[in-house]
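Here is how the chains run, residue by residue.
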Amino acid sequence: MDLGALIKNRHVLITGASGGLGAHFARLYASCGATVTVAARSADKLATLVTELQTQGARAHAVPLDVTSEGSIAEAFAAAEAAQGPIDVVINNAGIARPSMAMELSAEDFDDVMNTNLRGVWLVCSEAGRRWKAAGRNGVIVNIASILGFRVSYAVLPYTVSKAAVVQLTKALALEWARHGIRVNALAPGYILTDINREFFETEPGQAMIRRVPMRRLGKESELDGAVLLLSTDAGSWMTGEVIAVDGGHLVSH
Ligand code: NDP
């Protein structure tokens, strides 16, 4: 089965697409012939990405989005659909970490992580779900969780709590929305080098963490492609409420 062919001509909206995994997903979907809307706060980075994708012949458009703002989410969906037609797939990828040991963690950082990683995912799912239900359309959501939704680590308390909650949010929405033809699944990546963790992996604890991964290396962005395409296409048409970990075996290590 050619997973990429199954997403051709589908409209995929990716949050947090101005860099890291989100920009990688945008390139992946564009290379498969999908129509791509990239959304984030950094307009300049999005513009550069859209130019790159369009130069390669892709249908791509950028919309400003702050997932902590309901108004921004509503405007982003409206702008995306006005520019490129109805959205078929939403990849909820925007996320922040704010590393800090628990004793030093500020309430502001706790709230910021929760507002982005949990409340933001819920708000984006809600906007998508209501639009699909009102239009009588099927839809697919892939929430980018993390293996830290299943295990804990030092100095990422709100992050790990938010990702565990995203796993439950995914299952709760899958339960309620299956009847509306909306599938909600999650991808739980292991560690992949991006801006969110670059500093950590330059430290000795970061290198020690890599040695604890059974495959003894960080993942590559492209090693998420099969799983995200499975969840976002009809290859996964009977999957909902599922969370797939792609992590070099990290979750089975101790
Ligand atoms: P990056 O820091 O490289 O990218 C995060 C993205 O989120 C940026 O594009 C940023 O764009 C966007 N973002 C942050 N806050 C907001 C906001 N309020 N509204 C809209 N967009 C926002 O991180 P990664 O690419 O590594 O992470 C992407 C996702 O993958 C995250 O959810 C992360 O938790 C998850 N993940 C990453 C892993 C890894 O090892 N890299 C492992 C497991 C999960 P901008 O600042 O322009 O808004």
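Computed from a predicted structure; not experimentally measured.

A.B. asks: Residues and numbers for the UniProt feature "domain: Ketoreductase" (unreviewed entry) in the chain, please.
C.D. replies: The UniProt record marks residues 10-150 with the feature "domain: Ketoreductase" (unreviewed entry), using the residue numbering of this structure. In residues 10-150, the share of helix is 49% and the share of strand is 19%. The end C-alpha atoms are 31 Å apart.

A.B. asks: Lay out the confidence of the model for the chain in plain terms, naming residues and giving numbers.
C.D. replies: For the chain, mean pLDDT is 98; residues scoring 70 or higher make up 100% of the total. Overall fold confidence (pTM) sits at 0.99, and the ipTM for the predicted complex is 0.99.

A.B. asks: For the site of the ligand, give the residues involved together with the corresponding values.
C.D. replies: As a matter of local geometry, the ligand sits amid 28 residues, with Gly16, Gly20, Arg41, Ser42 and Gly95 nearest to it. Sorting elements by how many residues they give to the shell around the ligand places helix 1 (residues 20-31) first, with three residues. Residues of the shell around the ligand, tallied by class, amount to eleven nonpolar, 14 polar and three charged.

A.B. asks: Can you break down the environment of Ile91 residue by residue, with the values?
C.D. replies: For Ile91, the position within the fold is in strand 4 (residues 89-92). Along the backbone, Ile91 and Val140 are 49 residues apart, and their C-alpha atoms lie at a distance of 8.6 Å. Discounting chain neighbours no more than four positions away, the residues touching Ile91 are Val12, Ile14, Thr15, Phe25, Val142 and Ile144.

A.B. asks: Residue-level account of the packing of helix 4 (residues 107-135) against helix 5 (residues 157-177), with values.
C.D. replies: For the pair helix 4 and helix 5, interaxial distance at closest approach is 9 Å and the crossing angle is 15 degrees. Compared by their axis directions, helix 4 and helix 5 come out roughly parallel. Both helix 4 and helix 5 take part in a crossing whose hand is right-handed. Seen from helix 4, the contacting residues are Asp109, Phe110, Val113, Met114, Asn117, Leu118, Val121, Trp122, Cys125 and Gly129; seen from helix 5, they are Pro158, Tyr159, Ser162, Lys163, Ala165, Val166, Leu169, Leu173 and Trp177. Its residues assigned to classes, the contact of helix 4 with helix 5 comprises 14 nonpolar, three polar and two charged.

What counts, and at which threshold
Numbers given for residues are sequential positions, taken from 1 along each chain in its written order. Local features in a predicted model are, by the rule used here, given only for residues with pLDDT of at least 70; side-chain atom pairs are given and counted only at 80 or more, and totals for whole chains, interfaces and linings are based on all residues. UniProt positions are given in the numbering used here, feature names are shortened, and annotations may be inferred rather than shown by experiment. Per the convention used, a helix needs a DSSP run of H or I reaching at least four residues, while a strand needs a run of E reaching at least two, with both numbered from the N terminus. Every residue is assigned a pLDDT by the predictor, reflecting its confidence on a scale from 0 to 100. Think of it this way: take the backbone, place a C-beta atom on it, and check whether that atom is within 6 Å of the molecule or strand, in which case the residue is near it. Residues are sorted three ways: Asp, Glu, Lys and Arg are charged, Ala, Val, Leu, Ile, Met, Phe, Trp, Tyr, Cys and Pro are nonpolar, and all the rest, Gly among them, are polar. With C-beta atoms placed from the backbone, a contact is any residue pair whose C-beta atoms sit within 7 Å. Angles here are taken between N-to-C directions and fall from 0 to 180 degrees, while the axes themselves are lines fitted to C-alpha atoms, restricted in helices to the stretch in contact. An angle counts as roughly parallel when it lies under 35 degrees, as roughly antiparallel when it exceeds 145, as roughly perpendicular when it falls between 65 and 115, and as oblique in every other case. Each helix crossing is assigned a hand: it is left-handed if the near helix lies turned anticlockwise from the far helix by less than a right angle, otherwise right-handed if that turn is clockwise.

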